[in-house]
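One-letter residues, chain by chain:
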Amino acid sequence: MTILLNDFIFGFLLNFILICLFYKAPIMTRNGWISAGALGTILWGCMGFSGWISVVIYLILGSLATKVGFQYKKNIGIAEKREGRRGPENVWGSAATGVIFAIMIKLNILNQSILEVAFAASFAAKLADTFGSEIGKRFGRNTFLITTLQKVKKGTEGGISLEGTFASLFGSCLMSYFMLLLGIISTKDHFFIVLISGFIATLAESIIGARYQEKYHLSNEFVNFIQTTLSSIISIVLFLSILL
């Protein structure tokens with residue numbers, strides 16, 4: 001119990017110091033930083049350095065993708081609000097699924113490899129979504145509704161472009177690589193399961209956006225939670241089908 005408590009105390013102190021140093025960086029709102037601190041504390045307490053740094057990497061890469069061509073996206077009215085700064089709803093919409101699996105890993109529930117793959121898949125999906133959306137908005141030449149392939153305006157919910165789709169695949173691959181590099185996943189099979197799950201879930205998220213988001217007034221953050229959860233579920237199904 002003392003060791004467990006020490007992990008969370010260290011995580012809290014580390015995140016508190018880093019937020020004090022970097023809170024002026026145009027990455028998050030004030031409340032977003034508070035949520036990021038809570039997220040970082042949980043991840044360090046549950047998974048140590050590797051789990052914590054993997055999400056720091058995700059946040060950095062996602063923020064950089066948001067800044068790509070930001071002025072252009074702002075000029076045509078499809079840029080992220082608050083100059084791209086993440087609020088608490090963005091933090092938890094992106095990371096809630098990962099946090100659930102991190103806690104399960106800490107509690108040693110189920111097969112640890114399955115849980116680690118599911119954790120990795122949730123963030124692979126989110127980076128895939130961010131890369132596809134932000135790069136597609138800037139560089140996509142033609143945007144089509146995923147359900148009908150009808151040509152639509154950039155920024156339309158459920159809209160995809162060839163450039164954005166390749167960016168999504170790259171984002172999932174990149175996040176999967178970092179998860180492998182950090183030892184959260186440990187084999188080539190795990191890598192491909194995470195990569196595929198993240199990419200499929202991103203395509204599914206576009207279908208949800210096209211068919212259901214406006215109809216049921218779903219927030220982007222709730223759709224993000226659905227997407228990351230779906231990615232984790234797909235990864236578990238693939239793991240059980242292929243590796244067990």
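Residues numbered from 1 in each chain as written. Predicted model: local features only at pLDDT ≥ 70, side-chain atom pairs only at ≥ 80, totals over all residues. Heavy atoms only, no water.

**As for the overall build of the protein**
A tally of regular secondary structure across the protein gives 8 helices and 2 strands. When its helices and strands are written in sequence order, the protein yields α-α-α-α-α-β-β-α-α-α. Its C-alpha atoms give the protein a radius of gyration of 18 Å, near enough to 18 Å, the size a compact globule of 244 residues would have. In the protein, 70% of the contacts between residues at least 6 apart in sequence involve partners at least 24 apart. Here the protein displays about 12,200 Å² of accessible surface, and carbon together with sulfur accounts for 68% of that area. (Helix = DSSP H or I, 4+ residues; strand = E, 2+ residues; numbered from the N terminus. Rg over C-alpha atoms; globule rule 2.2 N^0.38 Å. Contact = heavy atoms within 4.5 Å. Areas by Shrake-Rupley, 256 points an atom, 1.4 Å probe, with all protein chains shown as cover.)

**Details of the packing of helix H5 (residues 112–139) against helix H7 (residues 188–213)**
Interhelical geometry of H5 versus H7 gives an angle of 45 degrees and a closest axis separation of 8 Å. If you check the angle between H5 and H7, you find them oblique. Crossing geometry of H5 relative to H7 is assigned as right-handed. For the pair H5 and H7, the contacting residues are Ser-113, Val-117, Ala-120, Ala-121, Ala-124, Ala-125, Ala-128 and Asp-129 in the first and His-190, Ile-193, Val-194, Ser-197, Gly-198, Ala-201, Thr-202 and Glu-205 in the second. In terms of residue class, the contact of H5 with H7 is made up of 9 nonpolar, 5 polar and 2 charged. (Axes fitted to C-alpha atoms, helices over the stretch in contact; angles between N-to-C directions. Parallel < 35°, antiparallel > 145°, perpendicular 65-115°, else oblique. Left-handed = near helix turned anticlockwise from the far one by under 90°. Nonpolar A, V, L, I, M, F, W, Y, C, P; charged D, E, K, R; others polar.)

**Structural notes on the packing of aromatic side chains**
This model, assessed by the stated rule, comprises 11 aromatic pairs. A centroid spacing of 6.1 Å and a plane angle of 20 degrees characterise the contact between Phe-12 and Phe-16, whose relative ring orientation is stacked. Placement of the pair is Phe-12 and Phe-16 together in helix H1 (residues 2–22), with a separation of 4 residues, close to one helical turn. Here Phe-12 falls in the partly exposed class, since its relative accessible area comes to 47%. (Phe/Tyr/Trp six-rings, centres within 6.5 Å; stacked < 30°, edge-to-face > 60°. Buried < 20%, exposed > 50% of the residue type's maximum accessible area, 1.4 Å probe, protein only.)

**Some points on H5**
With 28 residues, H5 should reach 40 Å at 1.5 Å per residue; the first-to-last C-alpha distance of 40 Å fits that figure. When you tally the buried positions in H5, you get 21 out of 28 residues, the bulk of the element. Near the N-terminus of H5, the side chain that reaches the backbone nitrogen of Ser-113, with its oxygen 2.8 Å away, is that of Asn-111. (Expected span 1.5 Å × (residues − 1). Polar contact = N/O pair within 3.5 Å; in protein donor to acceptor, adjacent residues only side chain to side chain.)

**So, the nonpolar core**
Counting residues in each nonpolar core, the largest one holds 46 residues, and the members touching the most others are Phe-119, Phe-123, Met-175 and Met-179. Of all the elements in the fold, those that place two or more residues in this core are H1, helix H2 (30–67), helix H4 (88–106), H5, helix H6 (162–181) and H7. Aside from chain neighbours lying at most four places away, what touches Phe-123 is Val-55, Tyr-58, Ser-94, Ala-95, Gly-98, Met-175 and Met-179. (Core = buried A, V, L, I, M, F, W, Y, C linked by side-chain atoms within 4.5 Å.)

**Notes on the layout of surface pockets**
Empty space within the second largest pocket amounts to approximately 400 Å³. Along the wall of the second largest pocket there are 19 residues; nearest its centre are Leu-18, Trp-33, Trp-52, Val-56 and Leu-59. Among the elements of the structure, H1 and H2 are those that each provide at least two residues to the lining of the second largest pocket. Looking at the lining of the second largest pocket element by element, the count peaks at 12 residues for H2. Looking at the lining of the second largest pocket, its residues break down into 15 nonpolar, 4 polar and no charged. (1 Å grid on protein atoms, 1.4 Å probe; cavity = no way out; pocket = protein on both sides within 12 Å on 5 of 7 lines; lining within 4 Å. Points joined across faces, edges and corners; volume = space filled by probe spheres on them.)

**Topic: unusual backbone geometry**
The backbone of Asn-108 sits at a positive phi, close to 60 degrees, despite the residue not being glycine. By secondary structure assignment, the location of Asn-108 is in the loop between H4 and H5. One non-glycine residue, His-217, lies in the positive phi region at around 55 degrees. Residue placement: His-217 occurs in the loop between H7 and helix H8 (220–243). Note on His-217: relative accessible area 72%, which makes it exposed.

**Brief notes about a nonpolar patch on the surface**
On the surface, Ile-9, Phe-12, Leu-13, Phe-16, Ile-17, Leu-21 and Phe-22 cluster together to form a nonpolar patch covering roughly 730 Å² of accessible area. On the secondary structure map, Phe-22 appears in helix H1. (Patch = residues over 30% accessible without salt bridge, like charges linked within 9 Å, V, L, I, M, F, W, Y side chains within 5 Å. Salt bridge = Lys/Arg side-chain N within 4 Å of Asp/Glu carboxyl O.)

**A few points about the side chain of Thr-143**
Of note, Thr-143 is situated in the loop between H5 and strand E1 (144–145). Excluding residues that lie within four positions of it along the chain, Thr-143 makes contacts with Gln-150, Lys-151, Val-152, Lys-153, Lys-154, Gly-159, Ile-160 and Ser-161.

**With respect to the pattern of salt bridges**
Summed over the entire model, instances satisfying the criterion amount to 3 salt bridges. For Lys-106, the salt bridge goes to Asp-7, with nearest N and O atoms at 3.3 Å. Placement of Lys-106 in helix H4 and of Asp-7 in helix H1 is noted, with a sequence separation of 99 residues between them.

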